[in-house]
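# Survey of secondary and tertiary structure
Chain by chain, the residues run as shown.
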Amino acid sequence: MPDMQPTHIAKETPLLEMRGLTVGFDTPRGLVVPVSQVHWSLFERQTLAVVGESGCGKSVSAMSILRLLPMPPGRFLQGSILYRGVDLLSQSEAQMRRIRGGQIAMIFQEPMTSLNPVYNIGEQIMEAIMLHQHVAAAEARLRAAAALEDVGISDAARRLRDFPHQLSGGMRQRVMIAMALACQPKILIADEPTTALDVTIQAQILELLRKLRREAGMAILLITHDLGVVAENADVVAVMYAGRVVEYAAVEDLFYHGLHPYTQGLFRSIPRLEGKRQRLETIAGTVPNPAHFPSGCIFHPRCPRRNGDPLCAAEEPPLRQVRPGHWCACYHVEGYAQAPQTVPQLSDRRVEAEAAPEPIL
Amino acid sequence: MATADDEFSLLPAGGTIAVIEPLAPEAAPESFSAQMARQVWRRWSAKLGLAWIAVLAFCAIFAPFLANSHPLLMRGSSGWQSPLLSSLSATDVLLLLLLVAAMALVPIKSLNWARKLRLLAWVGLLLSPALFWPDLIDSWHSGREIQWPWGRAAALGFLSAVAAADLFFIVWLPLRAVGGKRAWGWVLAGCLPLMVVFAIYPVRPPQIVVYERYREAQAAKLIHSVWWAPIPYSPNDNQRDKSAQFMRPPGLGHWMGTEEQGADVMARMIWASRIALSIGFISVGIAVFIGVVVGGIMGFFAGKIDILGMRLIEIFDAVPTLFLLISFVAFFGRNLYVMMAIIGCTSWVGHARFIRAQFLKLRRQDFVQAALAAGLPLRRVLFGHMLPNGISPVLVSATFGVAGAVLAESTLSFLNLGLVDQPSWGQMMNQALGEAGTFRWWVALYPGLAIFLTVFAYNLVGEALRDALDPRLR
Amino acid sequence: MLSYILRRILLIFPTLLGITAVVFFVMAFSPGGVGGPLLNAEGGMKSEEARVRREYYNRRYGLDLPKPVQYLRWLNHISPVGRVTDENGVMGRWAIKWPDLGRSFARGRPVSDLILEAVPITLLLNVLELPIMYGIGIVSGLYAARHRGKWFDVGSSSLFLGLWSIPVMLAGVLCIGFLANREYFYWFPAAGLHDLRAEQMAFLPGFVSGEFQRGWLLDMAWHLVLPMICYSYGGFAVLSKLTRASTLENFSADYVRTARAKGVDERSVLFRHVLANSILPLITVSASILPGLLAGSVVIETIFSINGMGKLMVDAVRVRDRELILAETLIGGLLGLLSLLLADICYAAADPRVSYE
């Protein structure tokens, strides 16, 4: 990773930090690097949204945190993932197992298939509790029922005996969340938690996540491609494109003063209610394939701002702090040339989160 | 590519990564079948399997030239003659002509392999009546079929129906190669003179064969010079001219020993490859035909018809096939065609299941809906549009089915319920365990190995096909 | 579930009707009709014997009647509820009666006796053989999937495809020829299920007057070794490949990722999560293995001279013993259907998603 010194130092130390993570996959056609030089930080009780199109590497980077990627063919090439100052990539498998579910929990995009079809949901929640909290089965059952109540499932004790196929998609995602919560982890990684759900169910699940953050004081890493979800839930946003973080800023800063041409294109391509009705803009071109990333700035073949600048095609711009609390990776942003290359850290939180009582840690 | 978030389908846990290459514009699009053929060919196991099947095919076609009691060429009192050539049966001639036709078709670049296969099938269809009519008339008059008078006729009618159906489904439909009028003309031009020749000089080998005749003539110095086939014994040559030739272990003269009638085991092995090859293809052809029709109808119409069909499949699943096969054979006599038909009629269930599953999936797809909306007749939609898209799993099950049919035939023959007058591998193995605990290993090992290799070869090819279709499980 | 089982049991009847009808009509249309063996063997029989047989067939089938009626008469004989037939073959009143499977002239005994003797033996072979087959198949399949691409996986996949391709006849003949033969190794008995002296043996192995005697049980086990080997090698090869494939498929399933994300260790992932799902197709496939096993006994019982259903069938076919063939088909079909039903019930028990409603 590059030698960079944190100049914009947040008041607190981050809970989870991704520093220059680079993941490669060995394929029959050579090494493919879908994730390269990813930096961001996540603070306690913060929601960090990682936004990007399909295949931009956001899920791969999220899976890397719990080291759930198949290895081989996957390989960590560079960088580190620091959880409370400890590099997760250097932990032993046994140590990782204690962190998975116990410290950092994860929920997935496909609630329909993410639960084991042959066990009832009680058994599956209890399994996590018994693994991390070392309690007897009876106690685990009580806690599992409590977790189900927490995620808003009524008649929890009876529902524990239900099998996944008897539940709707929204219910299954609630079960997934209950399973993640049951061990009171510090961080919840939510990988596209609402993509596969109906809109009304989506809203309920997101509301549930907000409530949990408020009440349980969890930090949430929200992986999504839905800017609406980001606007409503995130404190800080990292925009990813083709395996790189191209912009990192607080949510309002990013929504109103997005700097990277990709971010701007992304916002122009969502429909708005207010203002004059006009054609939606699109970003020209398609997302590059990880096997054939362009040289230089990864976005330059599609960039409206480039104007034939040879630098864009020659050298990749690193993520730099172009303004206080705003990081961006583009040569054509004002002040980029003089901007320092610092560790992106932002401890901003929404007002509603700030208002919540400080949890005792 | 950007329609759904399919990052994880690209990176399955524990799976290899499928990298979607952008299509190179200059590369001609490769057809699905060509792609599969290439993938299958890449595996050495499939190559080995195909190589063994090729060896079998070679043995089947050239059996008369490899093992025959008739000398290939000899000079006797009436000058040079070839008893072997005049002893060739209609089947031998047909196989040889088909080989010649295939050799002629292969180098033609303008035809794809599907068309070549179709033309070859036409050659067979045109020539076989011209070749087989004396045979038919003979068997009609000889009264050999007195036990079941309409047996031969029924078997023939059935077989030709099956052959037509085979052609329709396996060669014509999935490939739908159209055109090639000129090649078709060449085929006709090649076959017609042959048909005329065979009408005038029918292929009619002598009905009664005295195998030892040439050996005795040679011993009596009536033959001046002679050129024997590599194995100078016909499969049914029981060497009556020599004494105590029964159950001899391998040695000089008989490399694989002799069997209990005194015939040469190696000669019988070679000739038996014909049954092994034909029973597999024809019975599986029948099974696939029934399976495709039943499964296709079930899958397309779904609902009540599907439920009814599933009952039928369940019934056939529960039938102990070998029991049925044995009782059929017991009452209908030992007829190769009946055996093929029975094996085919009892083993279609698997194919029907596959086709049904495919059609259930396909019927919801847009191109089928579009074809229906365009007013195409149902037959066209079912067999012209859906079948070519749904046939590939059946290809796999059919390959395994060929192996199963070969096993079924050799099992029947082993139980002494197979053919009597034709050599078969299974029937030879039956003689291995004699009375009083003697074990004649050569009649067990060689035919057994041949059965094993054949079944193994088909299984290897089937495996390779399946992996080509479903690369996840490799 | 109960209604499903009931439906399946009801379905057994038309299925059996279909199978037996097919065999009956094949028999009826074969040369000589139902009484065929009578005509063929008439020359070689004493007139008294011929008369007995003719009367028997006439009473049982009514040889002058049309063929479908002959079949219905047979059905009436085997049905527990039907019309009583008197000595001259005239149908009497309806009653509940003992099913009559007929008489085997070739063996001179009632068919039901023969079948009652044979069924337990075939069932014994199958019951012993299933756990062996499934045990070896599942263990090796799991191991291969777990160490995918390693030497065991590659080796076992080729080896098992090879094993699967070995014809049972070859295995059986080689086993007897080399391992139960005085010329080579006389390690195992060549025929039957028991030694001639087995009747006098104690049940368990022990010492009789200072000399070791293997006892009835060990004697049978010793006789069963070779048949069991020949019986199971093909099956476990298939099951192992199937286990491997379904295990691999389940390893990449989403719920496995969930389990790993919970912190479950690889061992539990394999044995608790993956295994429970990957044995489901094994239960499904048992539906097609079980009827096949009954038929598979034909070859093995013939080679090893075990008097089960298979050998009975082959012997019956050789002499065209029609009553026996019909009854064998009936009972064989019934056993096949019952095993299918059993497989269905097991499947419902193992997979909560299946409800059969």
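Residue indices begin from 1 for each chain and proceed along its sequence in written order. As a convention, the first chain written is A and the first ligand written is 1, with the rest following in written order. Totals for whole chains, interfaces and linings use all residues, but because this is a predicted model, local features are given only for residues with pLDDT of at least 70 and pairs of side-chain atoms are given and counted only at 80 or more.

Moving on: the overall build of chain C. A tally of helices and strands in chain C yields 13 helices and six strands. If one aligns the C-alpha atoms of chain C with their principal axes, the spans along those axes are about 80 × 60 × 40 Å. The burial label depends on the number of other C-beta atoms within 10 Å of a residue's C-beta. Counts of 20 or more mean buried, 12 or fewer mean exposed, and intermediate counts mean partly exposed, with C-beta atoms placed from the backbone. In chain C, which comprises 357 residues, the proportion classed as buried is 39%. A helix here means a DSSP run of H or I that spans at least four residues, while a strand means a run of E at least two residues long, and both kinds are numbered starting from the N terminus.

Attention now goes to the overall build of chain B. What chain B contains, in helices and strands, is 19 helices and three strands. Within chain B, the fraction of its 474 residues that count as buried is 41%. C-beta atoms are placed from the backbone for every residue, and two residues are taken to be in contact when these atoms lie within 7 Å. Pairs at least 24 residues apart make up 74% of the contacts formed inside chain B by residues separated by at least 6 positions.

Residue and element names in this part refer to chain A. Taken across its 13 residues, strand 2 (residues 30–42) has ten buried, putting it largely inside the fold. Here, any two strands with at least 2 DSSP bridges between them count as paired. Alignment of strand 1 (residues 16–27) against strand 2, held across eight bridges, turns out to be antiparallel. Directly across from Val23, in strand 2, lies its bridge partner Val35.

Moving on, we come to the interface of chain B and chain C. Where interface size is quoted, it is often the accessible area lost as the parts come together. On the side of chain C, 52 residues touch chain B, which itself brings 44 residues to the contact. Of all the secondary structure elements, the ones that give two or more residues to the side of chain B that touches chain C are helix 11 (303–318), helix 12 (321–332), helix 17 (392–414), helix 18 (425–429) and helix 19 (441–469) of chain B. It is helix 19 of chain B that contributes the most residues to the side of chain B that touches chain C, ten residues altogether.

As a further point, take the sheet that holds strand 9 (residues 236–241) of chain A. Residue and element names in this part refer to chain A. Strands sit in the order 6-7-8-3-9-10-12-11 across an open sheet of eight strands; the sheet is mixed. Across the chains shown, the open sheet's two edge strands, defined by having one partner strand only, are strand 6 (104–107) and strand 11 (320–323). Strand-to-strand twist across the sheet, computed as the mean angle between neighbouring axes with direction ignored, equals 20°. The pairing of strand 3 (residues 47–51) with strand 8 (residues 219–224) spans five bridges and is classified as parallel. When the sheet's bridge partners are listed, Leu48 is paired in strand 8 with Leu221. The axes are straight lines fitted to the C-alpha atoms, using for helices just the contacting stretch, and the angles between their N-to-C directions are given from 0 to 180°.

On to the environment of Pro131(C). Inspection of the secondary structure puts Pro131(C) in helix 5 (residues 111–146). Placed 29 residues apart in sequence, Pro131(C) and Gly102(C) show a C-alpha to C-alpha distance of 36 Å.

Moving on to the sheet that holds strand 1 of chain A. Residues and elements named next belong to chain A. In space, the four strands of this open sheet follow the order 2-1-4-5, with antiparallel pairing throughout. Sheet topology places strand 2 and strand 5 (86–87) at the edges, where each strand pairs with a single neighbour. Bridge count between strand 1 and strand 4 (residues 74–83): eight bridges; the pairing is antiparallel. Bridge pairing links Leu16 to Tyr83 in strand 4. The sheet strands contacting helix 1 (residues 58–65) are strand 1, strand 2 and strand 4, and the helix crosses strand 1 at an angle near 110°.

Ranked by internal contacts, the top residues of the largest apolar core, which has 155 residues, are Leu325(B), Ile326(B), Val329(B), Val406(B), Met429(B), Val173(C) and Met313(C). Looking at which element gives the most residues to this core, the answer is helix 10 (residues 265–301) of chain B, with 21 residues. If near-sequence neighbours (up to four positions away) are discounted, Ile326(B) is found in contact with Leu417(B), Met313(C), Val314(C) and Val317(C). Counting 126 residues, the second largest nonpolar core, distinct from the first, contains Trp40(A), Phe43(A), Met171(A) and Ala259(C). The term nonpolar core refers to a group of buried residues, namely Ala, Val, Leu, Ile, Met, Phe, Trp, Tyr and Cys, whose C-beta atoms join them within 7 Å.

This paragraph deals with helix 4 (residues 137–150) of chain A. Residue and element names in this part refer to chain A. What a helix should span is 1.5 Å times the count of its residues minus one. Counted at 1.5 Å a residue, the expected span for helix 4 with its 14 residues is 20 Å, and the 20 Å between its end C-alpha atoms agrees. Residues of helix 4 that are buried include every one of Ala140, Arg143, Ala144, Ala145, Ala147 and Leu148, and no others. The inward-facing, buried residues of helix 4 abut helix 3 (121–133), helix 5 (156–159) and helix 6 (169–181). Taken from the residues just after helix 4, Gly152 is the one with a positive phi, measuring 85°.

With that out of the way, let us pick up unusual backbone geometry. Even without glycine at this site, Arg67(A) takes up a positive phi of about 55°. The topology assignment puts Arg67(A) in the loop between helix 1 and strand 4. Among the residues examined, Arg67(A) registers 19 C-beta atoms within 10 Å and is labelled partly exposed. A positive phi angle, near 50°, is found at Ser305(C), a position not held by glycine. Turning to its location among the elements, Ser305(C) is positioned in the loop between helix 11 (280–303) and helix 12 (309–318). Note on Ser305(C): 13 C-beta atoms within 10 Å, which makes it partly exposed.

Residue and element names in this part refer to chain B. The pLDDT score gives, residue by residue, the confidence of the prediction method on a 0 to 100 scale. Averaged over every residue, the pLDDT of chain B is 78; residues scoring 70 or more account for 81%. When mean pLDDT is taken per element in chain B, helix 3 (residues 44–66) scores highest with 92 and helix 1 (residues 7–10) scores lowest with 34. In the predicted structure, residues 1–28 sits below a pLDDT of 50 and forms 46 contacts with residues beyond four places in sequence or in another chain. Long-range and interchain partners of residues 173–178, a stretch whose pLDDT sits below 50, account for eleven contacts in this model, where long-range means more than four residues apart.

Residues and elements named next belong to chain A. Most of strand 10 (residues 244–250) sits out of view: six of its seven residues are buried. Sheet topology places strand 9 next to strand 10; six bridges connect them, and they run antiparallel. Its bridge partner lying in strand 10, Tyr241 is registered against Arg244. Hairpin connection, strand 9 to strand 10: the antiparallel pair is bridged by two residues, and Ala242 has positive phi, about 50°. Of the strand pairs in this sheet, strand 10 and strand 12 (residues 326–328) are connected by three bridges, and their pairing is antiparallel. Within the sheet, the bridge partner assigned to Ala249 lies in strand 12 and is His326.

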